[in-house]
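If you want the building blocks of each chain, they are given just below.
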Amino acid sequence: MYGGGYVFCEPDVHGQPDDPERLAEFEARIDRGEKIEPQDWMPYEYRRQLIRLIEQHAHSEIMGALPEGAWITRAPGFKRKLALIAKVQDEVGHAQLLYSAAETLGKSRADMVNDLLSGKSKYSNVFNYPAKTWADVTVIGFLIDAAAIVNQVANSKGSYGPYCRALERICYEESFHLKQGYDAFVALATGTKRQREMLQDAINRWYRPIIHFFGPPDNESVHSKQLMRWKVKMASNDEMRNQFLDAYVPKVLELGLTFPDPELRKDPQTGRWHYGDPDWAEFYRVINGDGPCNAERLSARRLAEENGRWIRQAIMNPQQKFTIPFA
Amino acid sequence: METADRHLLSTSVDPRLQRVQRHATEFHLLEQPEEWQTFEVFHQRRRGEHHVHVGSVHAPDAEMALVFAKEQFARRQQCASLWVVASAHIHSLGYQNEDMFATTTEKTYREASGYRLRHKIQAYKQSVQHESNS
Amino acid sequence: MNPIVELITKLGDDAFILGHRHSEWTGLGPILEEDIAMSSMAQDKIGHALALYTILHEQFGGPDPDTIGFLRNEKEFRCCHLVEYPNGEYDFTLVRHFLFDHAELLRYQLLRQSTFAPLARFAAKVMGELKYHVLHADSLMQRLALGNEESHARLQASLTEAFPLAAGIFEKSPYEDQLIAEGVFAGEALLQQQWLKEIEQRVQAWDLHLPEAREPLAGLGGRYGYHTPYLQPLLDELTSVFRSEENASW
Ligand SMILES: [Fe+2]
Ligand SMILES: [Fe+2]
């Protein structure tokens, strides 16, 4: 799962200028609604930003496995335990699919993982918050997966073939995530007094990260025009956030639960949702490494890398070279 | 793993991480990170259908690629058979030569729809009828 | 205890506890593809436990599967010591998985002949999953054993630790003779014999060796409710949310 908090790179002034004729051809293809495939000519910036986008998405999946993974050993009952393992496994699977999609653009998974572990690459902010109780797992499974679906469905209509193909399968699995998350959420909401309190507390803590999930307001997002023209970025942050609030706020309210934001309301005239200031400074702090769990998440992934390294090295065939996959 | 890492993990809310005990080897990033080969995976849903390309896996050899592909690409969908082939062994004819796939000249001679006979037979029948009437 | 209930309880408990151990790797496993494979096997194992506890519930009037899995105390569990051990590093996880799943595959092959029909039906159903578990274990074990010096040494060290514990898989039940006489299960002794052949053959081909001297009681006691110090903390964690609120549904 991944939100709209993409951090695109600054345009590279040293990049070679694109051949105007090929650029026109490329843009005409996108305008016709055709997909771009790995072997196609593509503008330098298109490739760079796409790698960045898909890589961040992949990192977010693998980091997203951590907060919920913390509850696998404690999930209450067979149904929840099996569903949670399957769900977290899917997230690892999503990372696998997305790393492959990014690899088609010429950056190997190993390089991407290295950039993640060194702190060079970003991933979704929302996974830098801890899942403190079982109720957090239900809030993540329901609301954050729901938010991720809004984002991923939009992205699946983008222009890059391998990314779209990966997202098609991902979106299919996300619908299971949402269902199982909603199911566990409703179980708490309709449960005992303590269960409801636990859930309300979790909602209170996750509300702000969820608002942050889609990224800063449109007027603060830089250089998204060209990326939208190239169908790299498919919907604006505010648009996606609004779509999410519209669909899911009522589902929480109907259960008698609340959001910790007195300003949250829908304008009946415009159909837009208003929300109180979610402290965007915090968003930038967290994305730059200073969130409650950034350091822990990175060390958990370093641990996983260490677990895998001796295995990979022991069965490395020196004759075989890594090839870019077709994905 | 670095001591700092170990300390961090011991304060995690994840009991699995709290338990991590490591010898004090220091984690380091690889300058030239190594990677297994990639294999393309083809999935057949039911007997009688085509194998369809569904993605790729990293693996040290084809057999391991199958072991991995089974869970990454056939854990949910119905599956009758899986193939893997090293990505390096795929040859493609495509996008740079897209014009080759375009049919510009008249090629209806190789389509079923290029052969319409009914009207001829109809005309013949009519002419025979006409003759016998006269 | 009814001999069949005892048998199914230990099968279920082995699968439940090992599946739980496997699932500790989910999201932290080595190499994404392997992480995914291990998570599948974790689900398979826990799924087997659920199916077996369901047989207890439906055929013998036992409590519902969640109660069996999450509300019994440590003494009531019948799992063997091997599955209780912490995961350690991935080499131990792999070697345990290799030793256990070869026994599991052979066991369910024998159980397909069981005169207790629900168990025979279940055995037929799990064959495919267990075949994959064994294929997975064999494929990785072979490559790592023959890999490089480090991987060989790691597997050998884990094998030396885990092999004696594996004897506990075959610890005889108090109703062994009765189960054999009634054709419910062909017996632990026969199973162990078949298993040892499979293991020895592979270990030899892979340049590993089984430890010589063994403590006679190593790995034993689990089938009678005597467990390693690892089981209680595992159960505390496993059931912490489930037990945190009485009469709640989750
Ligand atoms: Fe996902
Ligand atoms: Fe998800």
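Residues numbered from 1 in each chain as written. Chains lettered and ligands numbered in written order. Predicted model: local features only at pLDDT ≥ 70, side-chain atom pairs only at ≥ 80, totals over all residues. Heavy atoms only, no water.

## Focus: the overall build of chain B
And then number 1: When you go through chain B residue by residue, the secondary structure sums to five helices and three strands.
And then number 2: Taken from the N to the C terminus, the helices and strands of chain B come in the order α-α-β-β-α-β-α-α.
And then number 3: The globule rule puts the C-alpha radius of gyration for 134 residues at 14 Å, and the 31 Å found for chain B is more than 25% above it.
And then number 4: Once the C-alpha set of chain B is aligned to its principal axes, its extents read approximately 110 × 35 × 30 Å.
And then number 5: The 134 residues of chain B split such that 34% are buried.
And then number 6: Summarising the internal contacts of chain B: among those between residues at least 6 apart in sequence, 41% fall at separations of at least 24.
And then number 7: Carbon and sulfur atoms make up 52% of the accessible area of chain B, which amounts to about 9100 Å² in all.
And then number 8: In chain B, the 16 positive side-chain charges and the 17 negative ones have mean positions that sit 15 Å from each other. (Helix = DSSP H or I, 4+ residues; strand = E, 2+ residues; numbered from the N terminus. Rg over C-alpha atoms; globule rule 2.2 N^0.38 Å. Buried < 20%, exposed > 50% of the residue type's maximum accessible area, 1.4 Å probe, protein only. Contact = heavy atoms within 4.5 Å. Areas by Shrake-Rupley, 256 points an atom, 1.4 Å probe, with all protein chains shown as cover. Lys, Arg positive; Asp, Glu negative; His and termini not counted. Charge placed at Lys NZ, Arg CZ, Asp CG, Glu CD.)

## A short note on the coordination of the iron ion (ligand 2)
Residues and elements named next belong to chain A.
And then number 1: Every protein donor of the iron ion (ligand 2) is listed here as Glu 91 (OE), Asp 145 (OD), Glu 174 (OE) and His 177 (ND1), and their distances to the metal cover 2.0 to 2.2 Å.
And then number 2: Given four donor atoms and angles of 82 to 165 degrees at the metal, the environment of the iron ion (ligand 2) is assigned as irregular.
And then number 3: Counting the intervening residues between successive donors of the iron ion (ligand 2) yields the motif E-x53-D-x28-E-x2-H.
And then number 4: Between the two metal centres, the iron ion (ligand 2) and the iron ion (ligand 1), the spacing is 3.4 Å, with Glu 91 acting as a shared donor. Of the two residues, Glu 174 and His 177 both sit in helix α6 (residues 161-189), three residues apart, roughly one turn of that helix. Like Glu 174, the residue His 177 is buried in the burial classification. (Donors = N, O, S within 2.8 Å, 3.2 Å for Na, K, Ca; no water. Tetrahedral: all angles 85-135°; square planar, octahedral: opposite > 155°, others 65-115°.)

## Observations concerning the packing of aromatic side chains
Two descriptors summarise a pair of aromatic rings, namely the distance from one centre to the other and the angle between the planes of the rings.
And then number 1: All chains considered together, the criterion is met by 30 aromatic pairs over all chains.
And then number 2: Three or more aromatic residues link up through ring pairs in this structure, and these residues are A:Phe142, A:Tyr182, A:Phe185, A:Phe213, A:Phe214, A:Phe244 and A:Tyr248.
And then number 3: B:Lys70 extends its terminal NZ or CZ atom over the ring of C:Tyr132, reaching a point 4.6 Å from the ring centre.
And then number 4: Stacked on the ring of A:Trp310, the Lys or Arg C:Arg154 has its end atom at 4.3 Å from the ring centre. (Phe/Tyr/Trp six-rings, centres within 6.5 Å; stacked < 30°, edge-to-face > 60°. Lys NZ or Arg CZ within 6 Å of the ring centre and 35° of its normal.)

## Regarding the sheet that holds strand β2 (residues 52-59) of chain B
Residue and element names in this part refer to chain B.
And then number 1: Pairing is antiparallel across the open sheet formed by three strands, whose spatial order is β2-β1-β3. What marks the edges here is a single partner per strand, and that holds for β2 and β3 (81-86). Across the sheet, the mean angle separating the axes of adjacent strands is 30 degrees when strand polarity is ignored.
And then number 2: Sheet strands in contact with helix α3 (residues 62-73) are β1 (37-44), β2 and β3, and its direction is about 120 degrees off that of β2. (Pairing = 2+ DSSP bridges. Axes fitted to C-alpha atoms, helices over the stretch in contact; angles between N-to-C directions.)

## Description of the domain arrangement of chain B
And then number 1: As far as domains go, chain B holds domain 1 (1-34) and domain 2 (35-133).
And then number 2: Put simply, the middle of domain 1 of chain B and the middle of domain 2 of chain B, counted by C-alpha atoms, are 48 Å apart. (Domains from an automatic or database assignment.)

## Considering the interface of chain A and chain C
Bring the parts together and some accessible area is lost; that lost area is often taken as the interface size.
And then number 1: If you look at the interface, chain A gives 42 residues, while chain C gives 47 residues.
And then number 2: Counting each side, the surface lost to burial between chain A and chain C is near 3800 Å², with a carbon and sulfur contribution of 69%.
And then number 3: Applying the counting criterion to the chain A and chain C interface returns two salt bridges.
And then number 4: For the side of chain A that touches chain C, the secondary structure elements donating two or more residues are α2 (44-69), α3 (78-103), α6, α7 (193-213) and α11 (294-314) of chain A.
And then number 5: Ranked by the residues each element gives to the side of chain A that touches chain C, the list is headed by α3(A), at 13 residues. (Buried area = accessible area lost by both parts, 1.4 Å probe. Salt bridge = Lys/Arg side-chain N within 4 Å of Asp/Glu carboxyl O.)

## Some thoughts on the interface of chain A and chain B
And then number 1: The partner chain B presents 41 residues to the 52 residues of chain A that form the contact.
And then number 2: Between chain A and chain B, the buried area comes to about 4400 Å², and carbon and sulfur atoms account for 55% of it.
And then number 3: Summed over the shared surface of chain A and chain B, the result is four salt bridges.
And then number 4: With a closest N to O distance of 4.0 Å, A:Glu173 and B:Arg75 form a salt bridge.
And then number 5: Put simply, chain A and chain B have 20 residue pairs in polar contact (both at pLDDT 80 or more) between them.
And then number 6: Contributing elements (two or more residues each) for the side of chain A that touches chain B: α2, α3, α4 (109-117), α6 and α11 of chain A.
And then number 7: With 13 residues, α11(A) is the single largest residue contributor to the side of chain A that touches chain B.
And then number 8: A class-by-class count of the residues in the side of chain A that touches chain B yields 20 nonpolar, 15 polar and 17 charged. (Polar contact = N/O pair within 3.5 Å; in protein donor to acceptor, adjacent residues only side chain to side chain. Nonpolar A, V, L, I, M, F, W, Y, C, P; charged D, E, K, R; others polar.)

## Points about the pattern of salt bridges
And then number 1: Tallied over the entire structure, the rule returns 51 salt bridges over all chains.
And then number 2: Ionic pairing is found between C:Glu89 and C:Arg154, a salt bridge with its closest N-O pair at 3.0 Å. Taken together, the residues C:Glu89 in the loop between α4 (81-84) and α5 (90-111) and C:Arg154 in helix α7 (residues 149-166) connect sequence positions 65 residues apart. With respect to burial, C:Glu89 and C:Arg154 carry one shared label: buried.
And then number 3: A cluster of three or more residues bridged by salt bridges with shared partners is formed by A:Asp90, A:Arg169, A:Glu173, B:Arg75 and B:Arg76.

## Looking at the nonpolar core
And then number 1: Judged by nonpolar contacts, the single largest core of 199 residues is most densely connected at A:Tyr46, A:Trp134, A:Phe244, C:Leu99 and C:Tyr108.
And then number 2: Per element, the largest residue contribution to this core is 14 residues, and it comes from helix α5 (residues 134-155) of chain A.
And then number 3: Shared between two domains, this core holds at least three residues of each, these being domain 1 (1-34) and domain 2 (35-133) of chain B.
And then number 4: Not counting the four nearest positions on each side in its chain, A:Trp134 is found in contact with A:Trp71, A:Ala75, A:Pro76, A:Arg80, A:Leu84, A:Leu188, A:Met198, C:Val241 and C:Trp250. (Core = buried A, V, L, I, M, F, W, Y, C linked by side-chain atoms within 4.5 Å.)

## Thoughts on the packing of α3(B) against helix α6 (residues 117-145) of chain C
Packed helix pairs are characterised by how far apart their axes lie and by the angle those axes make with each other.
And then number 1: One can describe the packing of α3(B) onto α6(C) by two numbers: an axis separation of 10 Å at closest approach and a directional angle of 140 degrees. Of the possible angle classes, the one that applies to α3(B) and α6(C) is oblique. Viewed along their axes, α3(B) and α6(C) form a crossing whose handedness is left-handed. Facing α3(B), whose interface residues are B:Glu63, B:Met64, B:Val67, B:Lys70 and B:Glu71, α6(C) presents C:Tyr132, C:Leu135, C:His136, C:Ser139, C:Leu140 and C:Arg143.
And then number 2: Residues that form the contact of α3(B) with α6(C) fall into these classes: five nonpolar, two polar and four charged. (Parallel < 35°, antiparallel > 145°, perpendicular 65-115°, else oblique. Left-handed = near helix turned anticlockwise from the far one by under 90°.)

## Re empty space enclosed by the protein
And then number 1: In this structure the tally under the stated criterion is four cavities of 30 Å³ or more.
And then number 2: Lining the largest cavity are 20 residues, with A:Arg109, A:Val113, A:Arg301, A:Glu305 and A:Arg312 sitting closest to its centre.
And then number 3: At the level of secondary structure, the elements contributing two or more residues to the lining of the largest cavity comprise α4 and α11 of chain A.
And then number 4: In terms of residue class, the lining of the largest cavity is made up of twelve nonpolar, two polar and six charged.
And then number 5: Both domains that meet at the lining of the largest cavity, namely domain 1 (1-34) and domain 2 (35-133) of chain B, each give it at least three residues. (1 Å grid on protein atoms, 1.4 Å probe; cavity = no way out; pocket = protein on both sides within 12 Å on 5 of 7 lines; lining within 4 Å. Points joined across faces, edges and corners; volume = space filled by probe spheres on them.)

## What to know about the layout of surface pockets
And then number 1: A volume near 590 Å³ is recorded for the largest pocket.
And then number 2: As for the largest pocket, its lining consists of 25 residues, of which A:Arg165, A:Arg169, B:His53, B:Val54 and B:Gln77 are closest to the centre.
And then number 3: Counting residues per element, the lining of the largest pocket draws most heavily on α6(A), at seven residues.
And then number 4: When the residues that make up the lining of the largest pocket are grouped by side-chain class, the tally is nine nonpolar, nine polar and seven charged.

## Looking at helix α2 (residues 32-60) of chain C
All names here are of chain C.
And then number 1: With 29 residues, α2 should cover 42 Å at 1.5 Å per step; its first-to-last C-alpha distance of 42 Å lies within 8% of that length.
And then number 2: Where burial is concerned, most of α2 is hidden: 21 out of the 29 residues are buried.
And then number 3: Within two residues after α2, Gly 61 carries a phi angle of roughly 65 degrees, on the positive side. (Expected span 1.5 Å × (residues − 1).)

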